[in-house]
Amino acid sequence: MTEKKRAVRYYATEEGCGRVRGILRAHGVEATVSVGKDGRFEIHAQSATTRHTCHWPVCDKEVPPAMWGCKTHWFSLPKRLQDRIWATYRPVQEITKTPSSEYIAASREVQQWIAAQDQ
Ligand SMILES: [Zn+2]
């Protein structure tokens, strides 16, 4: 009996590299993504951008990788958005640089909410 997992997978192809690069860029990480000799992704973040900073636009406070942003900005988000981020956040994603698509969606919603506050 075989059971297929429905998780989205990115294959280590030229196209896959481009997708992973795009996801990283959406998170403000410039990295080189290539296919390694073993057929798996090789991701090298450029040293200057490996700092993990607050996701609030223009805030560049350094925060631990397990946190979305600095305390000031995190607590200025409405509870429902904090809950969405927590529900979709995978602590390993900051290391593997492969956030789930749910997290990216939640993250975009947060950015939209922030943009709306500026108006
Ligand atoms: Zn901040």
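Summary of the structure given here. Predicted, not measured: the structure shown is a model, and the values here were computed from it. (Residues numbered from 1 in each chain as written. Predicted model: local features only at pLDDT ≥ 70, side-chain atom pairs only at ≥ 80, totals over all residues. Heavy atoms only, no water.)

**Some words on the nonpolar core**
Rules: We define the nonpolar core as a collection of buried residues of types Ala, Val, Leu, Ile, Met, Phe, Trp, Tyr and Cys that are connected through side-chain atoms lying within 4.5 Å of one another. Partly exposed residues are those whose accessible area sits between 20% and 50% of the maximum for their type, while under 20% is buried and over 50% is exposed, using a 1.4 Å probe and protein chains only. Labels follow the DSSP assignment, with helices taken as runs of H or I lasting at least four residues and strands as runs of E lasting at least two, numbered in each case from the N terminus. Working rule for contacts: check all heavy atoms of both residues, and any pair within 4.5 Å makes them a contact.
The biggest cluster of nonpolar side chains holds 15 residues, and the ones touching the most others in it are W56, W68, L77, I85, V110 and I114. Sorting the residues of this core by element identifies α3 (79-88) and α5 (101-117) as the ones contributing at least two each. Per-element accounting of this core gives the leading share, four residues, to α5. Leaving out residues up to four positions away in the same chain, L77 has contacts with W56, W68, Q82, V110, W113 and I114. Counting six residues, the second-largest nonpolar core is a separate cluster that includes C17, V20, L24 and A31.

**Some thoughts on the coordination of the zinc ion**
Which entries qualify depends on this criterion: Any N, O or S atom lying within 2.8 Å of the metal counts as a donor, with the limit raised to 3.2 Å for Na, K and Ca; because water is left out of the atom set, some sites can appear incomplete. In these descriptions, tetrahedral denotes four donors with every angle between 85 and 135 degrees, square planar four donors and octahedral six donors with opposite donors over 155 degrees apart and the rest between 65 and 115, and irregular any other case.
Only C54 (SG), C59 (SG), C70 (SG) and H73 (ND1) from the protein coordinate the zinc ion, and they sit 2.0 to 2.3 Å from it. Coordination at the zinc ion is tetrahedral, judged from the four donor atoms that bind it and the angles of 98 to 120 degrees they form at the metal. Summarised as a motif, the one-chain spacing of the donors to the zinc ion is C-x4-C-x10-C-x2-H. Taken together, the residues span a long stretch of sequence, with C59 in the loop between β2 (41-45) and α2 (71-74) and C70 in the loop between β2 and α2 at a distance of 11 residues. Here C59 falls in the buried class, since its relative accessible area comes to 16%.

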